[in-house]
Each structure stands twice: as C-alpha cells, then as structure tokens.
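# Coordinate inspection notes
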Amino acid sequence: MVRSILVRFFSSFNNHDNNPPNHTHTATEITLKNGHVDILREVRISVMTCPDQLSLDDTDQFQIDTMGPDQIVKIPLRFRRRQDSCNKEASPDSLNVSIVVTFKRRRRVRSVLHTIRLPFYTSATLTSPSKDAKYKLTLSLKGDEDTPDLSQIFHEMFQQKDAGEAVSILRRIEANVVAFRFDSSKNEDESTTTSQSRCTMLGSKSKRRIRLQSDRLDALYLVADEFVHRLRREVTY
C-alpha cells in the first residue's frame with residue numbers, strides 16, 4: 001500500500017458570487033499532501049475527463065519538481081463544456097473525472113488514482129417533459145416511504161440560468177416529474193435551437209417507482225446513474 005502521498009479532493013464545487021449553476025463550466029480544487037518523511041520528486045498530476053464533452057480551461061497536466069515532508073500543494077481546476085459538444089446529440093459517457101498522480105520516491109515510480117464526480121448541471125439542463133419516447137426504464141425503490149420528490153432530489157437544477165421556461169412548465173404540472181436535455185439550447189449564433197437529447201423522469205403517486213423515458217439509451221443511463229448516486233448520498237449523509 002502506497003502511503004507516501006495523500007490525495008484529498010474537495011467534495012463541493014465552487015459557485016462564485018452565489019450565481020445560479022452554470023451548465024457550461026464548474027470549478028474545484030485538489031489538495032496534495034506528502035505524508036512521508038522522504039522528498040517526492042517529479043510529481044505529475046494528470047486529469048482525464050470525457051474528451052468529447054468536457055475540458056480543462058488551462059491544461060490537464062501539472063508537474064511539481066519536489067514535495068518535502070508534510071508539504072501541501074493545492075491545484076485549482078476549472079472544467080468547461082466543449083463548444084463543439086453543443087451539436088452532439090449524445091449525453092456524456094460519464095460524469096466521473098479520473099486524476100492520476102505519479103511521483104518518484106527513492107528512485108522508484110509510484111502512482112495514486114482517484115476519481116471525483118462532476119456536478120450534473122455541467123452536462124444537463126432542465127427542460128420541459130416529453131410524453132412519448134422510444135425507450136423506457138422503471139426503477140423500483142425499496143421501503144414504505146413516499147416516492148421521493150424529484151424536484152427536491154434535483155433542486156439545484158431549478159436554479160439554472162437557462163431553465164426559466166422549463167421551471168414554469170414543471171411547476172404548473174401536477175405531477176412528480178422532471179426532464180433534462182444534454183446539449184446547448186442554442187447554436188453559436190444564439191438564434192436557433194439545436195436538436196436535443198432528452199430524458200424525462202416521472203414518479204408514481206401510489207407506488208415507489210420512478211419511470212425514465214428517452215429516445216436515447218445513453219440519456220437513460222446517465223440520468224438513472226445520477227438519480228441512484230443522489231439517493232445513496234442522502235442515505236450516507
């Protein structure tokens with residue numbers, strides 16, 4: 001077990017000036033600490049995202065010449081949605097970001113791998129629900145409690161800058177429903193709407209079931225994965 005370096009990641013993402021979540025970029029910070037008495041040399045940090053959807057503003061490679069015992073180094077990361085991804089119909093393959101730290105200690109190369117999860121709003125935007133879809137998926141929840149309120153599960157999505165019209169529509173619908181799209185709402189000239197990859201979630205009133213529907217399987221997977229992740233997080237914390 002490698003104990004010579006401790007990699008700690010902030011669990012929250014920065015939201016400067018308390019602005020509503022922006023689906024085009026997000027920021028976080030990683031903290032590296034040398035937890036050994038030896039000096040670490042040639043410390044390299046590599047950040048790997050879904051290449052077709054997200055990129056780092058500056059670089060995805062960082063290098064530190066040396067780290068002394070108990071030395072702490074903080075590295076800010078700012079992820080931005082790729083402009084050319086706005087014309088892609090597919091949703092991102094994953095919201096996970098892999099961070100690999102390699103270093104030399106006593107002439108031997110060591111490595112540490114860690115994964116952080118980007119906020120859902122970096123890839124999805126709240127939209128109006130659709131009635132029909134090609135693919136449908138039903139999630140059955142255990143327990144006797146009421147079906148979770150989807151607007152509370154995805155509460156920060158209702159604060160997005162581009163979600164005003166969708167919020168109004170969803171508020172008027174007397175149902176436990178939310179819907180997301182996975183591309184930009186406008187083309188580069190900001191005049192016309194692009195084709196959209198959508199996914200609608202509908203909670204049952206009488207049974208603990210959540211139905212997801214979309215014309216794309218990848219959209220079903222991403223939303224279902226995010227929903228399960230949020231439920232587990234609520235149970236854990």
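Here, the structure is the one placed above.
The following paragraphs examine the structure supplied in this document. Every chain is numbered on its own, with residues counted from 1 as its sequence reads. It should be noted that, the model being predicted, local features are given only for residues of pLDDT at least 70 and side-chain atom pairs only at 80 or more, the latter also being counted only at that level, while totals for whole chains, interfaces and linings use all residues. To obtain the side-chain values, all non-hydrogen atoms of the structure were included, while hydrogens and water were left out.

### Notes on the overall build of the protein chain
Check the secondary structure of the protein chain and you find three helices and 13 strands. Exposed residues in this analysis have more than 50% of their type's maximum accessible area, buried residues have under 20%, and partly exposed residues fall in between, with area computed by a 1.4 Å probe over protein chains only. For the protein chain, the proportion of its 237 residues judged to be buried stands at 43%. Residues are treated as being in contact if the distance between any of their heavy atoms lies within 4.5 Å. A sequence separation of at least 24 residues applies to 71% of the contacts in the protein chain between residues at least 6 apart. Here the protein chain displays about 13,900 Å² of accessible surface, and carbon together with sulfur accounts for 44% of that area. For helices the rule is a DSSP run of H or I covering at least 4 residues; for strands it is a run of E covering at least 2, with both sets numbered from the N terminus onward. Reported accessibility uses the Shrake-Rupley method at a 1.4 Å probe radius. Residues are deemed covered only where the shown protein chains occlude them.

### Re the environment of Asp132
Its location among the elements puts Asp132 in the loop between β9 (125–126) and β10 (135–140). Classification of Asp132 by relative accessible area gives exposed; the value is 65%. Along the sequence, Asp132 and Asp215 sit 83 residues apart, while their C-alpha atoms lie 8.7 Å from each other.

### Examining the packing of aromatic side chains
Pairs were defined over the aromatic rings of Phe, Tyr and Trp, the Trp ring being its six-membered one, requiring ring centres within 6.5 Å. Orientation was assigned from the angle between planes: stacked under 30 degrees, edge-to-face over 60, tilted for the rest. The final tally for this structure, using the stated rule, is four aromatic pairs. Ring geometry for Phe154 and Phe180: centres 5.0 Å apart, planes at 55°, overall tilted. Taken together, the residues Phe154 in the loop between α1 (150–153) and α2 (164–172) and Phe180 in strand β11 (residues 176–181) connect sequence positions 26 residues apart. When sorted by exposure, Phe154 lands in the same class as Phe180, which is buried. An aromatic cluster is defined as three or more aromatic residues linked by ring pairs; in this entry it consists of Phe120, Phe154, Phe180 and Phe182.

### Observations regarding the environment of Val101
One can find Val101 in strand β7 (residues 96–105). According to the relative accessible area criterion, Val101 is buried, its value standing at 1%. As for Val101 and Ser46, which are separated by 55 residues in sequence, their C-alpha atoms are 6.5 Å apart.

### Points about the sheet that holds strand β8 (residues 108–117)
One bridge is not enough; two strands pair if DSSP finds at least two bridges between them. Spatially, the four strands line up as an open sheet ordered β5-β3-β7-β8, and their pairing is antiparallel. In this open sheet, the two edge strands, each paired with only one partner strand, are β5 (61–67) and β8. Here the strands of the sheet are splayed against their neighbours by 15° on average, with no regard to which way each runs. Note that strand β3 (residues 40–48) and β7 share six bridges and pair antiparallel. Bridge pairing links Val47 to Ile99 in β7. Here an angle of 0 to 180 degrees is reported between the N-to-C directions of two axes, which are lines fitted to C-alpha atoms, with helices fitted over the stretch in contact.

### Things to note about the pattern of salt bridges
Salt bridges are identified by distance alone: a Lys or Arg side-chain nitrogen within 4 Å of an Asp or Glu carboxyl oxygen. The final tally for this structure, using the stated rule, is nine salt bridges. Ionic pairing is found between Glu226 and Arg117, a salt bridge with its closest N-O pair at 3.0 Å. One end of the pair, Glu226, is in helix α3 (residues 217–236); the other, Arg117, is in strand β8, and 109 residues separate them in sequence. Classification of Glu226 by relative accessible area gives buried; the value is 3%. Glu156 serves as the salt-bridge partner of Arg230, at 2.5 Å between the closest nitrogen and oxygen. Taken together, the residues Arg230 in helix α3 and Glu156 in the loop between α1 and α2 connect sequence positions 74 residues apart. Residues Arg230 and Glu156 agree in their burial class; the two are buried. Three or more residues are tied together by salt bridges with common partners; here these are Arg117, Glu156, Asp225, Glu226 and Arg230.

### Side note on the sheet that holds strand β12 (residues 198–203)
Here we have five strands laid out as an open sheet, ordered β9-β11-β12-β13-β10, and antiparallel in their pairing. Whereas interior strands pair on both sides, the edge strands pair on one side only; in this sheet they are β9 and β10. Judged from the two bridges that link them, β9 and β11 form a sheet pairing that is antiparallel. Within β11, the position partnered with Leu126 by the bridge is Phe180.

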